[in-house]
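Tertiary structure, described
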Amino acid sequence: MSKGPISQFVEKHYLHFNAAALVDAAKGYEEHLLDNGKMMVTLAGAMSTAELGKSLAEMIRQDKIHIISCTGANLEEDIMNLVAHNSYKRIPNYRDLTPAEERDLLDNHFNRVTDTCIPEEEAFRRLQQHLFDIWNKADKSGERYFPHEFMYQMINSGVLEQYYEIDPKDSWMVAAAEKNLPIVVPGWEDSTMGNIFASYCIKGELQPSTTKSGIEYMMWLSKWYPENCAGKGIGFFQVGGGIAGDFPICVVPMLYQDMEMHDVPFWSYFCQISDSTTSYGSYSGAVPNEKITWGKLDIDTPKFIVESDATIVTPLIFAYILGW
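The rules we used
- All chains use their own residue numbering, which begins from 1 and follows the written sequence.
- pLDDT decides what is reported in this predicted model: residues at 70 or higher carry local features, side-chain atom pairs at 80 or more are listed and counted, and totals for whole chains, interfaces and linings draw on all residues regardless.
- Just so you know, side-chain values use all the structure's heavy atoms and leave hydrogens and water out.
- Secondary structure follows DSSP: runs of H or I at least 4 residues long count as helices, runs of E at least 2 residues long count as strands, and numbering of each begins at the N terminus.
- Here the globule rule reads 2.2 Å times residues to the power 0.38, and the radius of gyration is calculated from C-alpha atoms.
- When a residue's accessible area, from a 1.4 Å probe over protein chains only, is under 20% of the maximum for its type it is buried; when over 50% it is exposed; and in between it is partly exposed.
- For this analysis, residues touch if any pair of their heavy atoms sits within 4.5 Å.
- Residue exposure ignores everything except the shown protein chains as possible cover, and the areas themselves are Shrake-Rupley values with a 1.4 Å probe.
- Only four residue types enter the tally: Lys and Arg on the positive side, Asp and Glu on the negative side, with His and both chain ends excluded.
- For the purpose of locating charges, the reference atoms are NZ of Lys, CZ of Arg, CG of Asp and CD of Glu.
- Paired strands are those between which DSSP finds at least two bridges.
- A fitted line through C-alpha atoms serves as each axis, taken over the contacting stretch for helices, and the angle formed by two N-to-C directions is quoted from 0 to 180°.
- The crossover handedness rule: strands pointing away from the viewer, path from first strand over the helix to second strand clockwise, crossover right-handed.
- Multiplying 1.5 Å by the helix residue count minus one yields the expected span of that helix.
- Only buried residues count toward a nonpolar core, which is a set of Ala, Val, Leu, Ile, Met, Phe, Trp, Tyr and Cys residues joined through side-chain atoms within 4.5 Å.

So, on to the overall build of the protein. A count of helices and strands for the protein gives 14 helices and 9 strands. Relative to the compact-globule value of 20 Å for 324 residues, the protein shows a C-alpha radius of gyration of 20 Å, a close match. For the protein, the spread of C-alpha atoms along the principal axes amounts to about 50 × 50 × 40 Å. Relative to its full complement of 324 residues, the protein shows a buried share of 51%. At a minimum sequence separation of 6, the contacts of the protein that also span at least 24 residues come to 78%. Element-wise, carbon and sulfur atoms account for 51% of the exposed surface of the protein, whose accessible area totals about 15,200 Å². Side chains of the protein carry 26 positive and 44 negative charges; the gap between the two charge centres is 3 Å.

And the structure:
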């Protein structure tokens, strides 16, 4: 496949340092797929509010991604952008805001993520009313689902289509729902919808067990990994750090060391994009070789680290893999 102008620009100009690491990682990802390998992508930070869906959705549609691990914030914020985009507020001078100006945003029901403010009523509350109906139905019938499965049910029901304010092709959650893409969402309770679900449980309107837990996500992943690691194996493309990356990568040492499944292969490709520089005790700043000691990567696993802003690097890598 001939490469498009973005890929050609990257190959011509991105020749050294983090720029070269970006190209190396993209080519490694591409080679992994050409060898019939599968790829997990993990999303930390606020990648959905950064509208990564503009490239991520197409990666999903073209089967360049086979499973996603993300925070609860990324799970919900892509859908929020889908249904409330026109009510978002951008603040380019966010570094100059005073505490009083920050409080003014709160009083006007805006929650700031760097330079972008998410509108409470149009985003959070709009999802809440429809999710409660789905949660309540499951609760009353004694059914239990993972957090992403509830989101898929909401998207696939069509109830949100009346609110769409962007092209749904730019929503990675819509693309994922259409493919029923496997997702794990560790620490989902650390999200707005997780907090809202907890509030209903506190009020006695829902049971906590209606939503499956992080432990159950790991149990599910422990079955998915051995079923999909044949041949070239499964690669690991980590955007940011934190629980979205650390949770799923640990399935390999758990299977090998704790389940004593000694034929389970290591992750067969690894790339981390993060602006967290190497430092003592930081997971996000740990170099890939440290993961060898934890039984996650092997000596000869292709390893890449791009120390830069993920909102800049990730779309460029995806564009290269898509041939744009």
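Having put the structure on the table, let's press on.
To continue, consider the sheet that holds strand β4 (residues 110-113). Backbone hydrogen bonds hold the strands of a sheet together, and the pairing may be parallel or antiparallel. Judged by pairing direction, the sheet is antiparallel, and its 3 strands sit side by side in the order β3-β5-β4 without closing on themselves. Both edges of this open sheet fall to β3 (89-90) and β4, since each of them pairs with a single strand only. Bridge count between β3 and strand β5 (residues 116-119): 2 bridges; the pairing is antiparallel. Across the sheet, the residue bridging to Lys-89 is Cys-117, located in β5. Each of β3, β4 and β5 is contacted by helix α5 (residues 99-107), which is oriented at about 130° to β4, the strand it contacts most.

Here strand β2 (residues 67-70) shows a buried face lined by Ile-67 and Ser-69 and a second buried face lined by Ile-68 and Cys-70. Here strand β1 (residues 38-43) pairs with β2 via 4 bridges, running parallel. Looking at β2, one finds that Leu-43 is bridged to Cys-70. At this point the chain moves from β1, through helix α3 (residues 53-61), to the parallel β2, and the crossover so formed is right-handed. The pairing of β2 with strand β6 (residues 183-184) spans 2 bridges and is parallel. Across the sheet, the residue bridging to Ile-68 is Ile-183, located in β6.

For helix α10 (residues 214-228), spanning 15 residues, the distance from its first C-alpha to its last is 21 Å, which sits close to the expected 21 Å at 1.5 Å a residue. Of all the residues in α10, the buried ones are Tyr-217, Met-218, Leu-221, Ser-222, Trp-224, Tyr-225 and Asn-228.

Residue position: Val-113 is located in strand β4. It is 9.5 Å that separates the C-alpha atoms of Val-113 and Tyr-94, two residues lying 19 residues apart in sequence. Non-local contacts of Val-113, meaning those with residues more than four positions away in its chain, are made with Ala-46, Thr-49 and Ile-118.

Moving on, we come to helix α2 (residues 17-34). Taking 1.5 Å of rise per residue, 18 residues should cover 26 Å, and α2 covers 26 Å from first to last C-alpha, within 8% of that figure. Here α2 has its buried residues at Ala-20, Ala-21, Leu-22, Val-23, Ala-25, Ala-26, Gly-28, Tyr-29, Glu-30, His-32 and Leu-33. Asn-36 lies just past α2 and shows a positive phi near 65°.

What follows covers the sheet that holds strand β8 (residues 269-273). In space, the 6 strands of this open sheet follow the order β6-β2-β1-β7-β8-β9, with parallel pairing throughout. Here the strands that pair on one side only, and so sit at the sheet edges, are β6 and β9 (303-306). Contacting β7 (234-239), β8 and β9, helix α14 (residues 310-322) runs over the sheet at an angle of about 145° to β7.

With that settled, consider the nonpolar core. Within soluble globular proteins, side chains that are nonpolar generally end up buried alongside one another. Tyr-29, Ile-68, Trp-172, Ile-183, Tyr-225, Phe-237 and Trp-267 are the most contacted members of the largest nonpolar core, which totals 96 residues. Ignoring anything within four residues of it in the chain, the contact list for Ile-68 reads Val-41, Leu-43, Leu-56, Ile-60, Trp-172, Leu-181, Pro-182, Ile-183 and Val-184. Formed by 6 residues, the second largest nonpolar core is a distinct cluster that contains Ile-91, Tyr-94, Leu-97 and Cys-117.

With that out of the way, let us pick up unusual backbone geometry. A positive phi angle, near 60°, is found at Phe-17, a position not held by glycine. By the secondary structure assignment, Phe-17 is in helix α2. Phi angles above zero are rare outside glycine, and Asn-36 is one such case at about 65°. Considering the arrangement of structural elements, one finds Asn-36 in the loop between α2 and β1. What makes Asn-36 exposed here is its relative accessible area of 66%.

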